[in-house]
Structure formats: structure tokens, C-alpha cells
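Structure assessment
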Amino acid sequence: MPREAPWVEKYRPRRLAEIVNQTKAIEQVKAWIEAWLAGKLPKKKALILAGPPGSGKTTTVYALAREYGFEVIELNASDERTYEKIERYVQAAYTMDILGKHRKLIFLDEADNIEPSGAKEIAKLIDKARNPILMSANHYWEIPREIRNKAQIVEYKRLTQRDIIKALVRILHREGVTVPKEVLYDIAKHAGGDLRAAVNDLQTVVTGGTEDAHEVLAYRDTEKSVFQALAQIFATDNAKKAKMATLGVDMFPHELLQWIDENVPYVYSRPGDIARAYEAISRADIYLGRAQRTGSYGLWKYATDMMTAGVAVAGVKKKGFVRIYPPKTIKLLTQSKTERALRDSVVKKIMKEMHMAKLEALETLNYLRAIFENNPEVAAHFVVYLDLDLKEVEFIAGEGEKTKKIWAKSMNIEKRLKREGELEARAREAKKESEEAEEEGQGGISEEELEKAEEEIEPVGKGSRKEKKGKQATLFDFLRKS
Ligand SMILES: Nc1ncnc2c1ncn2[C@@H]1O[C@H](COP(=O)(O)OP(=O)(O)O)[C@@H](O)[C@H]1O
Ligand SMILES: [Mg+2]
């Protein structure tokens, strides 16, 4: 099954003119590259595109290269191998001719992640290179100074909600789909100026249906960094990058583990790779367990390294858009919480109506399960007797036909009881009247007749509920009565 290309790639502008709301930055970049091409080496040979994530920096470099006919040599600052490559390029720089057939520009993405030890290499590269060098950074001031000094800065603005909505609408148009306006606004608001995040959200929502859009987006809002971190882990084969991905994530390692665990099967497809990823996860789990037992939380670091880097290098990842799912286990916990709540309420009712201690009541619940499974008639009487609601019946009998049948029967019993209850009330009324009449010496209905009437109105299944108070009823009692 071919996976769809990530929209952030599919709809990345190919031309500089399509980049929204960065006019000033684009002008500067163009002027700079044109100086290169005119043979006037600019004062600063390198350019730093600095600004918030998802504002168009990387897009600019590739659109620029396209329009001006450059091949992009991309170096990744947080990739160890980069420095070997840089060595080679420093050597090659002398021989590469900028106006030659295949003119090249060097692009150092995420220059704010450069290791201090690598900074010197890059500074050397800038000095020697005869190619345009572009860098991008989210945090200008985190770029090592020796590099900053050699480069001119071009500032990228944080995109506005309007910019983002415009860009999203354009994508929807080209996809030929629509989403409700509120969803669109929701996405734009949550993105915080990051068009990449917004486009990913849009794809998530369109792929997964808009019904739960708000929920998904709300989740992304609170768990924003974990979505981003996971996307990074699952996009890289680089151990160090994977480790760094979770740095800002405000989450305990065992929670993070659940998130990673949940998403492994969407990322890897080959059984061996999946196995390796789970191997890393279970190692991480072991570290976490040990940390918990011994209180040596230093182990958390190893655990986190295993679950990030260990998983990232486990194999060949699927290409394309990866929808990150929140872990089911967290959902399961909330599910089992309502399950627990239901169990508790049923047990309480058993304790109350059958005057049992908790343990007995729990045991009785198991019997009830068997009865509900095999005998809807009796089960229905229990429903009335214990005054269970539909959710509780479902909890005992499971969802489906069985529950429906038991519930319908119990409604009928209920109705009958109500009628009989009215009868009972009338009989009581009659008895009172006759007693009064007796006192007045007027006679009336005999004692015998009254008793008979009372026997007749004894409600079915309900047993002598009122009398039973204070005395323990067993399941057996109940079965005999019904
Ligand atoms: N100003 C912009 N105009 C149009 N698309 C943009 C703009 N900024 C970001 N995007 C879109 O958002 C995604 C990420 O953009 P990118 O240039 O990689 O961001 P960054 O600034 O983090 O390098 C791409 O799909 C790109 O098409
Ligand atoms: Mg970028």
C-alpha cells in the first residue's frame, strides 16, 4: 500500500514567488545570490536564514537553487558524518567552479545544532569555499560565534494565522477536499506560526476524518512537542538526532515509551525491523523498571536513549507521511477506569441489596456473569432487583444482543412491578380502612382475606425485599425465589 507523500513536501513551493509573507527576506537572498553570480563575491560568503520553524527557510534554499540553477549540497549539522563531508568539500572547494556546469550551493540546515567542536570545520569551510553557503537556524544566537561572524543574517518572520489559513486553503483546493471552517481556524490557531505543523495537522485531519478533529487538535495542543519529537525520531536514521528529539518534551520516560511503542508498527514494515524496534523498547522498559526499583533515576537517560536512538536505527522506515497516534494504552487506562467504576457500582449494589461484604459481592459478580451469559430471564430479575442501569448490564453481559434482551425483559418486569406496586398500595389503603372500620366496630374484610391479597401482590422476583433488610440474602435464595 503506497503511502501518501507528506503534504509539507507535496505542496512545498517550488518558486520563490510562492513563498508567502517573506518578501523582504527573499529580496535579500536574491540580491546576495545575484552578487555571487555577477562574480562580485559578497562581503560575507555565507548567509544565515534565521527565524521560527515552518516559516519558509528550507523552502527558500531549494526554490532559490531551482531558479538560479544550483545543485544543493545539503549538510546536516547534527549528523556526525557531516564533518567528514565538510572535509571533502573544503578540499573540493578549490576545484569547484561556481560558474561551471553543475554549480553547487552548500546548505547547512539547522546550524543552531552545530556541535561546538564542529564549528571550526565549518568556519574553515566558509573561508575556503568558492560556493555560496546558506544556513538555516531557528535560534540565531545558538549558532557558534565563529560562524555567525562570517555570515550575513536574513530574518524570517513568524507567519500569521492569516498566512497559514491562506496556505491551507490553497492546499485543500489542490487536493479537492474541504474541511469545516472551524477546523481550519483551529489548526491555524494551534500552529503558532509554524506552517509545517499546520500542514501536518491538516493532513492528519483530512486523512483521519474531521469528526474527531477537535479532539485530535486539542491533543496536539497539549502534546505538541511529543508529536513533533516522535515525527523527528521516525524521520531520522541518525542516533544523535533521535536522542535530541525528545529533549524539550515534558513527559516522563515511561509515558514517552508508550507513545513510541504505539507508533512503531506504522513506521516500520519489515518484521525484522519491527522486532529490533521492540527489542529496543523492551530494553528501555527494563531500564525504567530498574530505575523505579532502585531509585537510580540516572538510568532514565539510558532508557530514553534506547527508546529514541534504539528505535530510530532499528531499520528501514516507511517513506511518506507518518500519522502519529496517541498511545492506546493511555486510552485503555481511561477505559479501564470507567470499567473499574462500573464494577465498583455493581459491587456496591450487590453489597447493599444482598447484604454482602465486598469480597462476597465480588464473588457473586462472577456468578452473575455466568447467569447473564446463560439465562436472560433470571438475569432480568437481577437487573430489577439490584436496580442496575444499562451501562452496568452491559458491563456484566458485554455489549450486544444479550444485553439488549436482558434489558428489554427487565423493563417488562419493572412495568409489571409498578402495576403491582399500585395494587399493593391500594390493598394497604384498604387494610387501613378496614382496621379503622374494625375499631369503629363495623367489621369488613377479614384478616384471612387480607393475607391472601397480600400474598397475591407479592412482586415477582423482587422477593420479600423489604423484609430482607438486615438479613443476608444469598444468590441461592434469590434463584429459588425467582
Ligand atoms: N512562507 C511560506 N510560504 C509558503 N509555504 C511555507 C512558508 N513557510 C513554510 N511553508 C511550508 O511549510 C513547510 C515547512 O517549511 P520550511 O521551509 O521547511 O520551514 P523552515 O522555516 O522550518 O525551514 C513546507 O511545506 C512549506 O511549504
Ligand atoms: Mg528547515
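Remember, it's a predicted structure, so these values are computed and weren't measured experimentally.

Another point: the overall build of the protein chain. Tallying secondary structure elements over the protein chain gives 23 helices and 5 strands in all. Relative to its full complement of 482 residues, the protein chain shows a buried share of 33%. Counted over contacts in the protein chain with a minimum sequence separation of 6, partners at least 24 positions apart contribute 76%.

Looking now at the site of ligand 1. Residues in contact with ligand 1 amount to 21 residues; listed here are only the nearest, Val8, Gly56, Lys57, Thr58 and Thr59. Of the residues contributing to the shell around ligand 1, the split by class is 10 nonpolar, 8 polar and 3 charged. Inspection of the shell around ligand 1 shows a minimum of three residues originating in each of domain 1 (22–155) and domain 2 (161–222).

Moving on, we get to the packing of helix 2 (residues 23–37) against helix 3 (residues 57–68). At a minimum axis separation of 11 Å, helix 2 and helix 3 run at an interaxial angle of 40°. With respect to their mutual orientation, helix 2 and helix 3 come out oblique. Once helix 2 is placed against helix 3, the crossing between them reads as right-handed. Within the contact between the two elements, helix 2 uses Ile26, Val29, Ile33 and Leu37 and helix 3 uses Thr60, Leu64 and Tyr68.

We now examine helix 15 (residues 299–312). Between its first and last C-alpha, helix 15 extends 19 Å over 14 residues, near the 20 Å set by a 1.5 Å rise per residue. Where helix 15 bends most, at Met306, the angle is about 25°. With respect to burial, helix 15 is a largely interior element, 10 of its 14 residues being buried. Taken residue by residue, helix 15 has Leu299, Ala303, Thr304, Met306, Met307, Thr308, Ala309, Gly310, Val311 and Ala312 as its buried positions.

Looking now at the environment of Leu390. Position of Leu390 among the secondary structure elements: in helix 19 (residues 390–397). Residue classification places Leu390 among the partly exposed residues on the basis of 13 C-beta atoms within 10 Å. For Leu390 and Trp407, which are 17 residues apart along the polypeptide, the C-alpha to C-alpha distance reads 7.0 Å.

Helices that pack against each other are described as a pair by the angle of their axes relative to one another and the distance between those axes. Packing of helix 7 (residues 161–175) against helix 8 (residues 181–191) brings their axes to within 9 Å, and their N-to-C directions diverge by 130°. By the criterion of interaxial angle, the relationship of helix 7 to helix 8 is oblique. Classified by chirality, the crossing of helix 8 by helix 7 is right-handed. Residue-level contacts link Gln161, Ile164, Ile165 and Leu168 of helix 7 to Leu184, Ile187, Ala188, Lys189 and Ala191 of helix 8. Tallied by class, residues from the contact of helix 7 with helix 8 come to 7 nonpolar, 1 polar and 1 charged.

Leu47, Ile48 and Met135 are the most contacted members of the largest nonpolar core, which has 37 residues in total. Where this core is concerned, the elements lending two or more residues are helix 2, strand 1 (46–50), helix 3, strand 3 (104–109), helix 5 (116–128), strand 4 (133–137) and strand 5 (151–155).

Turning our attention to the environment of Thr207. Counting through the fold element by element, Thr207 comes out in helix 9 (residues 195–208). Thr207 gets classed as exposed once you count the C-beta atoms within 10 Å, which come to 11. Along the backbone, Thr207 and Arg323 are 116 residues apart, and their C-alpha atoms lie at a distance of 8.7 Å.

Within the protein chain, residue pLDDT values average 79, and 77% of them lie at 70 or more. Between the elements of the protein chain, mean pLDDT differs from a low of 39, seen in helix 22 (residues 465–468), to a high of 96, seen in strand 1. Under a pLDDT of 50 for its full length, residues 331–335 has, in the predicted model, 0 contacts with residues more than four places off or in other chains. Within the model, pLDDT remains below 50 along residues 453–471, and this stretch shows 23 contacts once partners closer than five positions in the same chain are excluded.

The end-to-end C-alpha distance of helix 2 is 21 Å, a good match for the 21 Å that 15 residues give at a rise of 1.5 Å each. Residues of helix 2 that are buried in the fold lie against strand 1, helix 3 and strand 5. Gly39 sits one or two positions beyond helix 2 and adopts a positive phi of about 80°.

Before going further, it helps to spend a moment on the environment of Lys124. Residue position: Lys124 is located in helix 5. Each C-alpha atom of the pair Lys124 and Glu146 lies 9.7 Å from the other, and the pair is 22 residues apart in sequence.

The rules behind these values
- Residues numbered from 1 in each chain as written.
- Chains lettered and ligands numbered in written order.
- Predicted model: local features only at pLDDT ≥ 70, side-chain atom pairs only at ≥ 80, totals over all residues.
- Helix = DSSP H or I, 4+ residues; strand = E, 2+ residues; numbered from the N terminus.
- Buried ≥ 20, exposed ≤ 12 C-beta atoms within 10 Å, placed from the backbone.
- Contact = placed C-beta atoms within 7 Å.
- Near = placed C-beta within 6 Å.
- Nonpolar A, V, L, I, M, F, W, Y, C, P; charged D, E, K, R; others polar.
- Domains from an automatic or database assignment.
- Axes fitted to C-alpha atoms, helices over the stretch in contact; angles between N-to-C directions.
- Parallel < 35°, antiparallel > 145°, perpendicular 65-115°, else oblique.
- Left-handed = near helix turned anticlockwise from the far one by under 90°.
- Expected span 1.5 Å × (residues − 1).
- Bend = angle between axes of the 7 residues up to and from the residue.
- Core = buried A, V, L, I, M, F, W, Y, C linked by C-beta atoms within 7 Å.
- pLDDT = per-residue confidence, 0-100.

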